[in-house]
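# Overview (structure and organization)
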Amino acid sequence: MEYVNPEGLRLDGRRPMEMRQLRAEIGVVSRADGSASFEMGNTKVIAAVYGPREVQNRSQQMNDQALVRCEYSMANFSTGDRRRKTKGDRRSTEISLVIRQTMEACILTHLMPRSQIDIYVQVLQADGGTRSACINAATLALADAGIPMRDLVTSCSAGYLNSTPLLDLNYLEDSAGGADVTVGILPKLDKVTLLQMDAKLPTDIFENVMQLAVEGCKAVESHIREILLENAQTLVIRQGYGS
C-alpha cells in the first residue's frame, strides 16, 4: 500500500510532518479531583485523577513520597474488533505501567508523602497513538487536580514508512509494519521520560524520526497550555510544572 502519494499526501490528507487535529477539555468527570478528555484525530481518551488521599493499603505507604497508581483500559466499543481482551490483559498491564512511570517522572511526589494518587485512563475510540493520547489526557487531569509537577509531560509518536518519516501515526499507518517511535518529554526541562520503539532503524534515520516525535510533543504542549490558560480562572493551579 502507498502511504504517501506522489503529491506528498498521506491517506488521511495530511503532510508527512503534519499532526492530526488536537482537541482537549478539562473537568469532564464531576466526581474526580481532576479530569480531562484528549483527542488526537479520531483517537479519543478520558482521564480521571483522585488524590492525593490516604493510602488504601498501608503496606504500600511511603514515608518520603506519594504512591502513584495507574489503570489503563479500552472501552469495548473503542475499536471495530468486538472480541476485545478483558480488563487486566497483558497489554493493558504494560501500558498502565508505562503511563505510571511517565507520570511519576513529572509529579513532585516528595511534596505529598504518605499519600496516594490514582490515575485512570480509558480509550473511548482508538485510531493509533493511544498511549500518547492517554499520557496527554493524564497530564491535563493532573493539572486540573492541582497536583504539583516539575513540568507538563507530553507525548507523541512518529514512524517510518515508504522511506518517509511520518508524524503522529493513525491506526492504518501504525499497523503497517514499519518502525514506530513513541516519545514522552518534559518540554521546559528538555528531558525525555518515555522512549519506545517496536522495530529497528539505522541510527541516522532513528534520530530524524525521534526528533520529529519530539516536535510533536512540543506541539501538544502548546495546545495543553492553551487549554490551561483558557481555564485558568476556574482551576486551582499550583506552582511546580513550569507555568
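Preceding this section is the structure that the text describes.
Anyway, here's the lowdown on the structure attached to this text. (Residues numbered from 1 in each chain as written. Predicted model: local features only at pLDDT ≥ 70, side-chain atom pairs only at ≥ 80, totals over all residues. Heavy atoms only, no water.)

### So, the pattern of salt bridges
As a reminder, the rule being used: For this document, the term salt bridge refers to a Lys or Arg side-chain nitrogen within 4 Å of an Asp or Glu carboxyl oxygen. To qualify as a helix, a DSSP run of H or I must reach at least 4 residues; to qualify as a strand, a run of E must reach at least 2; elements of each kind are numbered from the N terminus.
Counted by the stated rule, this structure contains 13 salt bridges. Across the salt bridge formed by Glu173 and Arg10, the nearest N and O atoms sit 2.8 Å from each other. Placement of Glu173 in helix H3 (residues 171-174) and of Arg10 in the segment before strand E1 (22-26) is noted, with a sequence separation of 163 residues between them. Of the charged contacts, one joins Arg53 and Asp118 as a salt bridge, the two residues approaching to 2.5 Å between their closest N and O atoms. In this pair, Arg53 sits in strand E3 (residues 43-54) while Asp118 sits in strand E5 (residues 115-125), placing the two residues 65 residues apart along the sequence.

### Structural notes on the sheet that holds E1
What counts is decided by this rule: The pairing criterion is simple: DSSP has to find at least two bridges between the two strands. For helices, the fitted line uses only the C-alpha atoms of the stretch in contact; every axis is such a line through C-alpha atoms, and the angle between N-to-C directions lies from 0 to 180 degrees. What makes two residues a contact is simply this: any of their non-hydrogen atoms within 4.5 Å.
One open sheet accounts for 5 strands, arranged E1-E2-E3-E5-E4; its pairing is mixed. Pairing within the sheet leaves two strands with one partner each, and these edge strands are E1 and strand E4 (67-74). Direction aside, the axes of adjacent strands within the sheet are offset by 15° on average. Sheet topology note: the E4/E5 ladder contains 8 bridges and is parallel. Across the sheet, residue Val68 finds its bridge partner in E5, namely Ile117. Lying on the sheet, helix H1 (residues 90-104) is in contact with E4 and E5; it crosses E4 at an angle near 140°. Set on the sheet, helix H2 (residues 130-144) makes contact with E1, strand E2 (34-40), E3, E4 and E5; between it and E2 the angle comes to about 150°.

### Observations regarding the side chain of Ser115
Heads up, the rule is: Whenever two N or O atoms come within 3.5 Å, that pair is a polar contact, provided that in protein one can donate a hydrogen and the other can accept it, and provided that, for residues adjacent in sequence, both atoms are side-chain atoms.
Considering the arrangement of structural elements, one finds Ser115 in strand E5. At 2.5 Å, the side chain of Ser115 and the backbone oxygen of Met112 are in polar contact. Setting aside its immediate chain neighbours within four residues, Ser115 contacts Pro52, Arg53, Val55, Ala66 and Leu67.

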